Amino acid sequence: MAKDIVDLLESYIPADNPKKWAKLASTVESRRLELLLLREILLELRIMNQARQA
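Residues numbered from 1 in each chain as written. Predicted model: local features only at pLDDT ≥ 70, side-chain atom pairs only at ≥ 80, totals over all residues. Heavy atoms only, no water.

Asks: Would you mind going over the overall build of the chain with me for this structure?
Replies: Along the chain, the regular secondary structure elements total three helices and zero strands. Each helix and strand of the chain, placed in order from N terminus to C terminus, yields the pattern α-α-α. In the chain, which comprises 54 residues, the share counted as buried stands at 11%. Accessible area for the chain stands at about 4800 Å²; split by element, carbon and sulfur atoms hold 60% of it. (Helix = DSSP H or I, 4+ residues; strand = E, 2+ residues; numbered from the N terminus. Buried < 20%, exposed > 50% of the residue type's maximum accessible area, 1.4 Å probe, protein only. Areas by Shrake-Rupley, 256 points an atom, 1.4 Å probe, with all protein chains shown as cover.)

In C-alpha cells form, the structure reads like this:
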C-alpha cells in the first residue's frame, strides 16, 4: 500500500530538534523550509479538494 506523502514528509521535518539540524549543512535548512512549504501546500490542496467534493 502506498504511504501518505504528508506522513512521509513528517519524518524529514523534525519538530523542535535543533541538535539534529545543527549537524547538517546550511543548504539543508533551505531544503527543510521547502519541505515545510510543500507539506502546507499539500494540506491546503486536500482541504480544497474535500470542499469541492462536498
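Asks: Hey, could you run me through a nonpolar patch on the surface in this one?
Replies: A grouping of Leu37, Ile41, Leu45 and Met48 is seen on the molecular surface, where their side chains present a nonpolar patch of about 390 Å² in accessible area. Secondary-structure assignment places Ile41 in helix α3 (residues 26-53). Note on Ile41: relative accessible area 41%, which makes it partly exposed. (Patch = residues over 30% accessible without salt bridge, like charges linked within 9 Å, V, L, I, M, F, W, Y side chains within 5 Å. Salt bridge = Lys/Arg side-chain N within 4 Å of Asp/Glu carboxyl O.)

Asks: Can you walk me through the pattern of salt bridges in this structure?
Replies: Any two side chains of opposite charge can pair, so long as their charged atoms come close to each other. Tallied over the entire structure, the rule returns two salt bridges. Residue Asp4 pairs with Arg46 through a salt bridge whose shortest N-O separation is 2.1 Å. Pair noted here: Asp4 is in the segment before α1 (5-10) and Arg46 is in helix α3, with a separation of 42 residues, a long-range link. The exposure class assigned to Asp4 is partly exposed, which follows from its relative accessible area of 28%. Residue Arg46 is classed as partly exposed on the basis of its relative accessible area, which comes to 35%. Its salt-bridge partner being Arg39, residue Glu40 comes within 2.9 Å of it at the nearest N-O pair. Given the relative accessible area of 44%, Glu40 is considered partly exposed.

Asks: I keep staring at the confidence of the model for the chain and nothing clicks. Help me out?
Replies: Regions with low pLDDT should not have their predicted coordinates read in detail. Chain-level pLDDT for the chain is 78 on average; 72% of the residues reach the 70-or-more range. α3 holds the highest mean pLDDT among the elements of the chain, 86, whereas helix α2 (residues 18-22) holds the lowest, 66. (pLDDT = per-residue confidence, 0-100.)

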